[in-house]
Structure formats: structure tokens, C-alpha cells
Amino acid sequence: MAKRIDVSGLSAYYGSVRAIEDISLTVEPRTVTAFIGPSGCGKSTVLRTLNRMHEVIPGTRVEGKVMLDDVDLYGAGIDPVAVRRTIGMVFQRPNPFPTMSIYENVAAGLRLNGVRGKSDTDGIVEQSLRGANLWNEVKDRLNKPGMGLSGGQQQRLCIARAIAVSPDVLLMDEPCSALDPISTLAIEDLIAQLKNEYTIVIVTHNMQQAARVSDRTAFFNIEGTGKPGKLIEIDDTPRIFANPSQRATEDYITGRFG
Amino acid sequence: MSSDTPPVLAEPEGQAPEPVRARSALTEKAGLGDRAFAGSARAAAVFILVIMAAIAGFLIYQAVNAISQDKVNFLTSFAWDPDGNNTNGVPTFGIAAIAWGTLVTSVVGVLLGAPVAIGVALFITQYVPRKLGSFFGYIVDLLAAVPSVVYGLWGLLVLDRHMSGVSKLIEDVLGWIPMFKTNGTYGSSMFTAGVVLAIMILPIVAAISREIYKQTPREQIEAAYALGATKWEMIRLAVLPYGRSGVTSAVILGFGRALGETIAVAMVLTTVPGLVTRILQPGGNTIAANIAVQFGEAFTTGRQALIASGLVLFLMTLIVNYVARLVIRRSTNKAGA
Ligand SMILES: Nc1ncnc2c1ncn2[C@@H]1O[C@H](COP(=O)(O)OP(=O)(O)O)[C@@H](O)[C@H]1O
Ligand SMILES: [Mg+2]
């Protein structure tokens, strides 16, 4: 049940260092929003504030508001664990649980959510693997270790694991940067399908990828090392690439810096 | 960029190095220092091997000598009277009772010590801030440096007095199992010895487990959290599986230590002859403690018999280590591939 994300006045800190400053943006349900910008400008940090993964790192802090439909994720009484069950995440390096089989990996989140029945689990595992375009490749070896898959398959396994718990939103932090071009295409196809059910935010350093997969693109930038990252602009993807309203965006996209 | 490239790389077909010089460099003999070092290292290695073979031969000879004089079965007999003090000089001794006592005290030690050690390691690495964690870790390391005679004294003078209450409670609850029945007296028991052993192996098991848990890859931890795991669920999904084989070997290392521990056990146990199956009442003996206690008063056959028992202890430790390797190999195979 895809939901809308509404960020306003968001800043995030590592210790006393402010990594991002005063970010405000909106992500519509059933759209793909791409975060682009030079490395170190805070894309990952913004992404990780959206599901409260930022605070997993000791000494970190967040200011501002993140609304998921009408719930303030940083409001009083909100359990970060529950937030992460609602907003799934896929990381840069595929990270299946190394001691678990393919099946157990997909089922890992279900067990946390209290799904116990064998037939229920079987059904959701198959559905999630199908949803991640991986079912046909692994259906005969569900009990083999997840680490035995190729990098691209591992990443799709991680996507299956994330969607198995039916999140409202899917966050992806450079999900293809460790993959070969063929696996990258497979993931991009998958994103186009997942968009029908989920709200998706994807960080990418690859501008062609942003242009291919996203409906909206947000460009972040940083004035210099040690300065906090800022959102320069967010707009429909074709517009960002053809006719951005900010000079810095145009410079970045045309490769004049970054 | 390309204009800066040094000409050497740009022109691979430049001057070839002189072939004669190249060959002489390849065939050059190792220098005198190298040869001297290699020679002395080899000599030292051979020397050590010879010494070890000699020690092994000596011990085995003594052990075989004693066992050949034994008038009862060495492997199955419960008696320990190699000098024949009670049998007019006829040696009667067997390993069964003391091997049993060794195993029982060590198993009690591991069953009680390992879970606490693992808990301490998890607490230090996962539940307290890093600075406080290294402080606690330091304390645990200090415990490992306490000499075992101190643990023995403490077990005898302090712990044992407090064991009767616990032992009585265990008997009240589990007394229907023969092992936990008593004759109404408690303490100086194999259970007390097991508790002392648990405390003695705790630091080393905790220290190794802590180092392993600390290295759990960040990616695994984040994978668990991102699925909506609580702290404990994260530990179950990421930290425990990552540490399993290493912590298993730490526990088995602790078991090996418990098997061989001498002084503390010798001080705590009230030895009675024969097999003791009730672990809560006074009595019981272990191979190592038996050697420590008996050696001073033993005559020739007695000493040789103690050496034989020492070799059995050595074999037990070898088997434990071998099993540990099997366990670890199996669990890492499952994780890899
Ligand atoms: N774990 C961390 N501890 C301290 N600083 C961090 C940490 N992660 C990121 N940062 C800092 O936050 C800033 C933004 O980083 P990040 O969000 O990873 O940027 P991006 O994903 O755009 O490359 C950088 O200056 C980076 O050094
Ligand atoms: Mg990043």
C-alpha cells in the first residue's frame, strides 16, 4: 500500500558534524524518485533518515520532520523498529545473510513479523521471489545458501527479502553500483515493475540510470568539504535532464563538475 | 593525461635488458647470511622434534610399563592403588573413575561458564557504548590473569560454604535424577569444582567471543535492522550466526582448559576412592588433580601409573580438539560455498 513521503526542514548529524541541512521534498506514492549528486553530498544520509536507519549509527541525530502519509516518523511514541518494517531498504553491496539459505533469507523478515505457518511462508517466499524476478532462477535450489548466487541475483534476493514483509516504501542506495551491466538492467526492469505497488526512492551515481528509471529526480550538492549537503532542486526527471532551473544542476548533469 | 605518460611505458620495445645479467641474477646463490639462518633454523627444528620424540617415547615406555603390571583392567577399573598400598604390593589401578570425574567437572564448568561468557561478550560488544565496553573487556581480561591457585583457594574457602544452599535447592528440584541425589551432605563436590572451573574458563571464552562478535560485518547488522529487527533480533540474525564457528571453538578451548585444570580442582574436591556419580555431595576426582595430589607420595609404579593417566588426559584433549575442528569445518562449509 504505497504511501507518500513528505520531508520538511530535515537536518542530520554525525556527532556534531551536520551532514545534511534543511532538506524539504515530497515523494508521491507509486513513483520512483532518484537522488543524484556528487559523492559525499548526503544522498545516503537523507535516504537513511527516511526509515530511521540513520540513528543505528551511534552518536547520530536528526532534526525536522518526515511524514509518511499523516504519520510523523520522528514523532513521539513512534517505534523506529516499526518504521523499518514499513519502509524497506536495499543496500549498495548485496548483503544476504551468509549462513541462511535462499528461502530463509526471504523468510527472515516474515519471522520477525510473526508469520509462522509453513504454507503461509512458502506462499510469500514464492511471491516475493517472483516479484524480484528471481523465482525461475532459484526455484530448484531454495535450500542452497544465498551466498552461492551471483552478485546480481544476490541483490534481487535482497529485494525479495525487503518486499516479503509488504513495505509501503522501498529505499535503494546505489543498488546497482556493485553489479555488472546485465544485472543492472535486470534490476532496472524490476524497479519499473515494483513501481506499480511501491513508493520507491533510489540513490544513484549513474545519471543514465536516473533518467531511465525515475519519474522525479532530486539533485543534492555540497559547497565544500565539511559543509552540509543541500537539496538544490527536485523536479520531473525529463525536466531535470533537459531544462533544470538551477545552474548547478545543469553543470553537474552536463559533466562540468562532480 | 596521455602526454604525461612516461616514455618508458609508452615504448615497450625500448632497450631490452642484457640477457647475461638477467640470467646471473636468477642463478645467483643465496648469501652466506641466508644459508646460515636456514641451516640454524633447520637444526633447531630437528633438535626440537628429537627432544619431543624422546619425551614421548619416555612417557609411553613408563606408561606401558605400569599398565603391564596392573592386575585389573586399566580402562575400566575404578580403583587407584598402583603401589599396592592396600593389596600387599599388587598394583591395582584404572582410569575410569578419574576420567569420569574429569569429564563431569569439565562439562559442568562449560555448561555453566560458556553461556555466561557468551552473554558477557554480547553485552560488551552490543549493549554498552564502545568506551564502557572496552573497560569491561579489560576487567574480563584481568580475570584471565588470576593464577589458578587463587581460584582454588577462593573455591575452597569462600564459594564452597555458599554451595550447600544451591546444591540443596538443586537436589530438591532434580533429586529424582540419580546424579543429583545426595547423602545429605553438600560441598567439596564435583559440582563445586565445576563452578570454579566455569569461573576459570569464563574470561578466555568471553575474550575470544568478544573479539569475534566485534567483527560482525556492518552490512549484516544493517541488513537485520533494515528488516525491522529489534536489537535482540538483530543479534540473532547477524551477530550469532557470524560468530557461531568461532565461538564454538572458543567454548571447546575452554572445555580443554577445564579438562586439564589441576590445582583449583585438587583444592576444592574431597577425594574418595572409587567412582562417584553423585555430583552434589563430597567426593570425586579428576586426572589432573589426582596427579597433583598423588605424585609426591607415589613410588615407581605409582609414578608410572600417573604418567599413564596423564597420557589418557592428553588423548582426551586431542579428541576434544579434533571434534571441535569437525564442528567448525561443518558449520563453515554450510556458510560458504
Ligand atoms: N558513519 C558516518 N560517520 C561520520 N560521517 C559520515 C558517516 N557516513 C557519512 N558521513 C558523512 O556524511 C556526509 C554525507 O555522506 P553520504 O550521505 O554517505 O553521502 P553520499 O551518499 O551522497 O555519497 C559525508 O561528508 C560523509 O563523510
Ligand atoms: Mg552514498
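Residues numbered from 1 in each chain as written. Chains lettered and ligands numbered in written order. Predicted model: local features only at pLDDT ≥ 70, side-chain atom pairs only at ≥ 80, totals over all residues. Heavy atoms only, no water.

Engineer: Mind showing me how you'd approach the UniProt feature "domain: ABC transporter" (unreviewed entry) in chain A here?
Structural biologist: Those places that UniProt annotates as "domain: ABC transporter" (unreviewed entry) correspond, in this numbering, to residues 5-247 of chain A. Segment residues 5-247 of chain A splits into 35% helix and 27% strand. End C-alpha atoms: 27 Å apart. (UniProt positions renumbered as here; feature names shortened; annotations may be inferred. Helix = DSSP H or I, 4+ residues; strand = E, 2+ residues; numbered from the N terminus.)

Engineer: I keep staring at the UniProt feature "domain: ABC transmembrane type-1" (unreviewed entry) in chain B and nothing clicks. Help me out?
Structural biologist: In the UniProt entry, the feature "domain: ABC transmembrane type-1" (unreviewed entry) is given for residues 99-324 of chain B. Taken as a whole, residues 99-324 of chain B contains 77% helix and 0% strand, while its terminal C-alpha atoms sit 20 Å from one another.

Engineer: Teacher, can you tell me more about the pattern of salt bridges here?
Structural biologist: Pairing between side chains of opposite charge can happen when their charged atoms approach one another. Tallied over the entire structure, the rule returns 24 salt bridges over all chains. Of the charged contacts, one joins Lys3 of chain A and Asp168 of chain A as a salt bridge, the two residues approaching to 3.3 Å between their closest N and O atoms. Highlighted residues: Lys3 of chain A in the segment before β1 (5-14) and Asp168 of chain A in the loop between α6 (151-163) and β7 (169-173), separated in sequence by 165 residues. Overall, Asp168 of chain A belongs to the buried group, its relative accessible area being 8%. Where Glu222 of chain B meets Arg218 of chain B, a salt bridge forms, and the shortest distance between an N and an O atom there is 3.7 Å. Taken together, the residues span about one helical turn, with Glu222 of chain B and Arg218 of chain B both in helix α8 (residues 218-226) at a distance of 4 residues. By relative accessible area, which is 40% here, Arg218 of chain B ends up partly exposed. (Salt bridge = Lys/Arg side-chain N within 4 Å of Asp/Glu carboxyl O. Buried < 20%, exposed > 50% of the residue type's maximum accessible area, 1.4 Å probe, protein only.)

Engineer: Hey, could you run me through the site of ligand 1 in this one?
Structural biologist: Residue and element names in this part refer to chain A. Lining the immediate environment of ligand 1, one finds Tyr14, Ala19, Ser39, Gly40, Cys41, Gly42, Lys43, Ser44, Thr45 and Ile57. In this structure, an oxygen atom belonging to ligand 1 sits 3.4 Å away from a main-chain N or O atom of Cys41. Ser44 places a side-chain nitrogen or oxygen 2.6 Å from an oxygen atom of ligand 1. When isolated, ligand 1 has an accessible area of 560 Å², and the protein chains bury 58% of it. Broken down by element, the residue count for the shell around ligand 1 peaks at 3 residues, all from helix α1 (residues 43-50). (Near = heavy atom within 4 Å. Polar contact = N/O pair within 3.5 Å; in protein donor to acceptor, adjacent residues only side chain to side chain. Areas by Shrake-Rupley, 256 points an atom, 1.4 Å probe, with all protein chains shown as cover.)

Engineer: Just to check I follow, could you spell out α8 of chain B for this structure?
Structural biologist: Along an α-helix, residues three or four positions apart point the same way, because every turn accommodates 3.6 residues. Of all the 9 residues making up α8 of chain B, 7 are buried; the element is thus mostly covered by neighbouring parts of the structure. Every buried residue belonging to α8 of chain B is among Gln220, Ile221, Glu222, Ala223, Ala224, Tyr225 and Ala226 of chain B, and all of these are buried. Summarising the contacts, the buried residues of α8 of chain B are in contact with α1, α2 (80-86), β6 (87-90) and α6 of chain A together with α9 (231-260) of chain B. Looking one or two residues past α8 of chain B, Gly228 of chain B carries a phi angle of roughly 90°, positive in sign. (Contact = heavy atoms within 4.5 Å.)

Engineer: Would you mind showing me how to read the environment of Gln208 of chain A here?
Structural biologist: Residue and element names in this part refer to chain A. If you trace the backbone, Gln208 turns up in helix α8 (residues 207-213). Overall, the relative accessible area of 53% leaves Gln208 in the exposed class. C-alpha of Gln208 to C-alpha of Phe241: the two residues are 33 residues apart in sequence and 9.8 Å apart in space.

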